[in-house]
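Given next are the chains, with one letter for each unit.
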Amino acid sequence: TCQATISKIETAKAENLSFQNSQMNQTNQWTKIESLPDYWDQRWPDYHGEVWYKLSWNYDCSSQNIEPVSLFVENINMAGKIYINDEFFWSDLSTQEPLSRSWFMPRYWVIPSSAIKKGENTLIFQVFGTASQKSGLGNVELGHYEQVIQSYDTAMIEKRILPSLNLMINFIICLFCFLAWALYPKEIDLFWFALVSFAWVAYVGLALYPEPILSFSSTT
């Protein structure tokens with residue numbers, strides 16, 4: 001009986017905007033975009049910092065009771081915070097350098113009915129990123145549990161499960177080749193193949209790890 005529909009998506013640099021100031025609602029600060037995912041490297045080349053994404057969405061309900069709404073976010077690159085109707089909702093662990101890495105982390109929440117109002121609502125993302133990492137916001141869906149959970153499950157398979165399986169298989173191949181080279185040192189090809197497999201395992205592992213890695217900056 002209730003329907004949540006995204007009506008408008010806008011974005012703006014955070015250079016002159018903060019969540020508390022009056023400029024947040026000025027229309028000339030925002031650039032309308034047609035759809036998500038969106039990456040700001042083409043719109044603002046070489047821009048490092050914060051970008052806001054504002055999603056205006058309508059909640060229509062024929063009943064008197066407001067029902068919870070499911071929210072799916074494909075990815076936030078690199079880290080972010082979420083506000084619903086001017087209220088803080090969620091944040092990555094680290095939104096300052098070193099940043100969290102949510103690029104391979106689909107997320108799913110249930111927005112409680114107390115945070116929703118009939119008619120127009122807003123969903124605001126504060127995204128922290130760099131120009132070199134295709135920073136931006138992935139696909140966002142609002143709706144009933146049955147619809148949204150399918151998108152979340154698909155994204156988890158593509159961004160978490162399959163890469164994790166790839167990592168484990170390559171790690172086993174890496175160990176096998178190192179052991180074979182140890183038994184037959186003249187087969188130098190086994191050593192190089194093991195080394196390449198190890199490099200791939202390290203790369204995938206770092207990409208999947210969602211939290212800051214030591215004190216490494218995202219710009220390095």
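Residues numbered from 1 in each chain as written. Predicted model: local features only at pLDDT ≥ 70, side-chain atom pairs only at ≥ 80, totals over all residues. Heavy atoms only, no water.

A. Just the side chain of Asp38, in detail. Tracing the backbone through its elements, the reader meets Asp38 in strand β3 (residues 38-39). Judged by relative accessible area, Asp38 falls into the buried class, the value being 9%. Within the structure, the side chain of Asp38 is placed 2.5 Å from the side chain of Arg43, a separation counted as a polar contact. At 2.7 Å, the side chain of Asp38 forms a polar contact with the side chain of Tyr53. The residues touching Asp38, leaving out its near neighbours within four places in the chain, are Ile33, Arg43, Tyr53, Ser135, Gly136 and Leu137. (Helix = DSSP H or I, 4+ residues; strand = E, 2+ residues; numbered from the N terminus. Buried < 20%, exposed > 50% of the residue type's maximum accessible area, 1.4 Å probe, protein only. Polar contact = N/O pair within 3.5 Å; in protein donor to acceptor, adjacent residues only side chain to side chain. Contact = heavy atoms within 4.5 Å.)

B. Examining the sheet that holds strand β9 (residues 107-111) more closely. Here we have three strands laid out as an open sheet, ordered β9-β5-β12, and antiparallel in their pairing. Looking at strand neighbours, the two that pair on one side only are β9 and β12 (140-143), the edges of this open sheet. When the angles between neighbouring strand axes are averaged without regard to direction, this sheet yields 15°. Pairing of strand β5 (residues 69-73) with β9, which is carried by five bridges, proceeds in the antiparallel orientation. Bridge pairing links Val73 to Arg107 in β9. (Pairing = 2+ DSSP bridges. Axes fitted to C-alpha atoms, helices over the stretch in contact; angles between N-to-C directions.)

C. Examining the packing of aromatic side chains more closely. The final tally for this structure, using the stated rule, is 14 aromatic pairs. Judged by centre distance (5.8 Å) and plane angle (45°), the ring pair of Tyr108 and Tyr152 falls under tilted. Residue Tyr108 is located in strand β9, and its partner Tyr152 is located in helix α1 (residues 145-183); the two are separated by 44 residues in the primary sequence. Chaining the aromatic ring pairs together yields one cluster made of Phe72, Tyr108, Tyr145 and Tyr152. (Phe/Tyr/Trp six-rings, centres within 6.5 Å; stacked < 30°, edge-to-face > 60°.)

D. Just the environment of Ile9, in detail. Within the secondary structure layout, Ile9 lies in strand β1 (residues 2-13). When the C-alpha atoms of Ile9 and Thr31 are compared, they prove to be 8.6 Å apart, with 22 residues separating the residues in sequence. Look past the residues within four positions of Ile9 in its chain and what remains in contact with it is Thr31, Lys32, Ile33, Glu34, Ser35, Leu36, Lys54 and Leu55.

E. Representation of the state of the cysteines within the structure. Enumeration according to the criterion identifies one disulfide in this entry. Put simply, Cys2 and Cys61 are joined by a disulfide, and their sulfur atoms are 1.8 Å apart. Taken together, the positions of Cys2 in strand β1 and Cys61 in strand β4 (residues 49-61) put the pair 59 residues apart, joining distant regions of the chain. The pair Cys2 / Cys61 is uniform in exposure class, with both members buried. Note on Cys174: no disulfide assigned, nearest cysteine sulfur contributed by Cys177 at a separation of 7.4 Å. For Cys174, a relative accessible area of 3% translates into the label buried. (Disulfide = S-S within 2.5 Å.)

F. The arrangement of the pairing of β1 in detail. The pairing of β1 with β4 spans 11 bridges and is classified as antiparallel. What sits directly across from Ile6, in β4, is Trp57. Pairing between β1 and strand β2 (residues 31-33): three bridges, direction antiparallel. Looking at the pairing, Ile9 lines up with Ile33 of β2.

G. The sheet that holds β1, seen in detail. In spatial order, the strands read β2-β1-β4-β10-β7-β8; together these six strands make up an open sheet with antiparallel pairing. Sheet topology places β2 and β8 (87-91) at the edges, where each strand pairs with a single neighbour. Mean inter-strand twist for the sheet, computed between neighbouring axes without regard to direction, equals 25°. As paired strands, β4 and strand β10 (residues 119-129) are joined by 11 bridges and run antiparallel to one another. For Asn58, the partnering residue across the bridge sits in β10 and is Glu120.

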